[in-house]
Amino acid sequence: MKNDYFNFQLNKEQTKYMYVVHKAVTQHLNILRQGNANTKTRSEVRGGGKKPWKQKGTGRARAGSIRSPLWKGGGVIFGPKSKNYTSKINKKEKKIAIKTLIYNKSNHTIIVDQITEKIEKPSTKLVLKKLQNFNINIKTYNTKFLIIVENDNKNLYLSIRNLPNVELINAKNINILSLIKAHTIITTTKAINLINKKYHGE
């Protein structure tokens, strides 16, 4: 597919801004991080308030708490704590990153008129047959496919979800990670119009 199909252009400076793509991917991956790894320090572990034995006279090493990090069941020194990994990215930067990826992957983009037509019930076989009519072979599992549609369709989603190398998204929810993982993008003409409308002139 030619770049001319998209109704937006990148200027010479924006085509060099691959670091913005990297920034957008990093920001998206950070959002997906749970950041809930957590350990307790000696002050957070239950118990250990009483000195286990007197300071002198027992012949043992002095100890002030059974929850010392040196003891089994004690606190953890410098262990991981819950953390929020989310980072900020400007709206314009995010749009430039998505536009750059769409522009760069336009040669690996296939446009079809309609995918959801005549899919009255979930059927993976039917979807594969429809795509084969457009000379698209999704069964090449070493290639990642991204299908972009204009509206959510439950039957299409249920038909595609068991294909490990295919992702289905709405044109309104297009994101940087889905674009960068995809080797081939399959999109409808209506979805292209929505993308053009959203990113044209930005």
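Position numbers for residues count from 1 along each chain, tracking the sequence in the order it is written. With the structure being a predicted model, the display of local features is reserved for residues of pLDDT at least 70 and the display and counting of side-chain atom pairs for 80 or more, all residues being used for whole-chain, interface and lining totals. In computing side-chain values, all of the structure's heavy atoms are included and hydrogens and water are not.

Undergrad: Kindly report on the overall build of the protein chain, identifying the contributing residues and their values.
TA: Counting from the N terminus, the helices are DSSP H or I runs at least four residues long and the strands are E runs at least two residues long. Of the regular secondary structure elements, the protein chain holds seven helices and four strands. Tracing the protein chain from N to C terminus, the helices and strands come up as α-α-α-β-α-β-α-β-α-β-α. Rg of the C-alpha trace for the protein chain: 27 Å, well past the compact-globule value of 17 Å for 202 residues, more than 25% over. C-alpha atoms of the protein chain, sized along the principal axes, occupy 90 × 45 × 25 Å. To sort residues, take the accessible area from a 1.4 Å probe on protein chains only and compare it with the maximum for the residue type: under 20% means buried, over 50% means exposed, and anything in between is partly exposed. Per-residue burial for the protein chain yields a buried fraction of 38% across its 202 residues. The size measure is the radius of gyration over C-alpha atoms, and the globule rule it meets is 2.2 Å times the number of residues to the 0.38 power.

Undergrad: Please set out the sheet that holds strand S1 (residues 109-112) residue by residue, giving values where relevant.
TA: What the four strands build is an open sheet, ordered S1-S4-S2-S3; its pairing is parallel. Edge positions in the sheet fall to S1 and strand S3 (166-170), since each has one partner strand and no second. On average, each strand axis in the sheet is inclined to that of its neighbour by 20°, with strand direction left out of account. Of the pairings in the sheet, the one linking strand S2 (residues 145-149) to strand S4 (residues 184-188) comprises four bridges and is parallel in character. The residue bridging leucine 146 from the neighbouring strand is isoleucine 185, located in S4. Relative to S4, helix H7 (residues 189-199) is tilted by about 95°, and along the sheet it contacts S1, S2 and S4. At least two bridges found by DSSP between two strands are what make those strands a pair. Lines fitted to the C-alpha atoms define the axes, with helices restricted to the stretch that makes contact. Angles between their N-to-C directions range from 0 to 180 degrees. Only heavy atoms matter for contacts: two residues are in contact if any of them lie within 4.5 Å across the pair.

Undergrad: Give me the lowdown on helix H2 (residues 18-32), citing residues and values where you can.
TA: Expected helix span is computed as 1.5 Å times (number of residues minus one). The end-to-end C-alpha distance of H2, which contains 15 residues, comes to 22 Å, matching closely the 21 Å that a straight helix rising 1.5 Å per residue would cover. Every buried residue of H2 is listed here: Val20, Val21, Ala24, Val25, Gln27, His28 and Asn30. At its buried positions, H2 is contacted by helix H3 (91-104) and helix H6 (176-181).

Undergrad: Which residues make up the packing of aromatic side chains, and what values go with them?
TA: Two rings from Phe, Tyr or Trp (for Trp, the six-membered ring) form a pair when their centres sit within 6.5 Å of each other. Planes less than 30 degrees apart are called stacked, planes more than 60 degrees apart edge-to-face, and all others tilted. Tallying each qualifying case throughout the model produces one aromatic pair. An angle of 35° between the planes, with centres 5.9 Å apart, marks the rings of tryptophan 53 and tryptophan 71 as tilted. In this pair, tryptophan 53 sits in the loop between H2 and H3 while tryptophan 71 sits in the loop between H2 and H3, placing the two residues 18 residues apart along the sequence. In this scheme, the term charge over a ring applies when either NZ of a lysine or CZ of an arginine sits within 6 Å of the ring centre and within 35 degrees of the ring normal. Directly above the ring of tyrosine 85 sits arginine 33, whose terminal nitrogen or CZ lies 3.6 Å from the centroid. If you follow arginine 60 out to its NZ or CZ, it ends over the ring of tryptophan 53, 4.1 Å from the centre.

Undergrad: Tell me about the nonpolar core, and name the residues and values.
TA: Note on terminology: a nonpolar core comprises buried Ala, Val, Leu, Ile, Met, Phe, Trp, Tyr and Cys residues joined through side-chain atoms within 4.5 Å. Within the largest apolar cluster, 22 residues are counted, with the highest numbers of intra-cluster contacts made by Ile98, Leu146, Ile148, Ile174, Ile176, Leu179 and Ile195. Within the second largest apolar cluster, 16 residues are counted, among which are Ile115, Ile138, Leu156 and Ile186.

Undergrad: How would you summarise the pairing of S4 if you had to cite specific residues and measurements?
TA: Counting buried positions along S4 gives five out of five residues, so the element sits mostly inside the fold. Alternating residues of S4 divide into Thr184, Ile186 and Thr188 and Ile185 and Thr187, and every residue in both groups is buried. Here S1 runs beside S4; their pairing, made up of four bridges, is parallel. Looking across to S4, one finds that isoleucine 110 is bridged to isoleucine 186.

These values are about where atoms sit, not about what they do.
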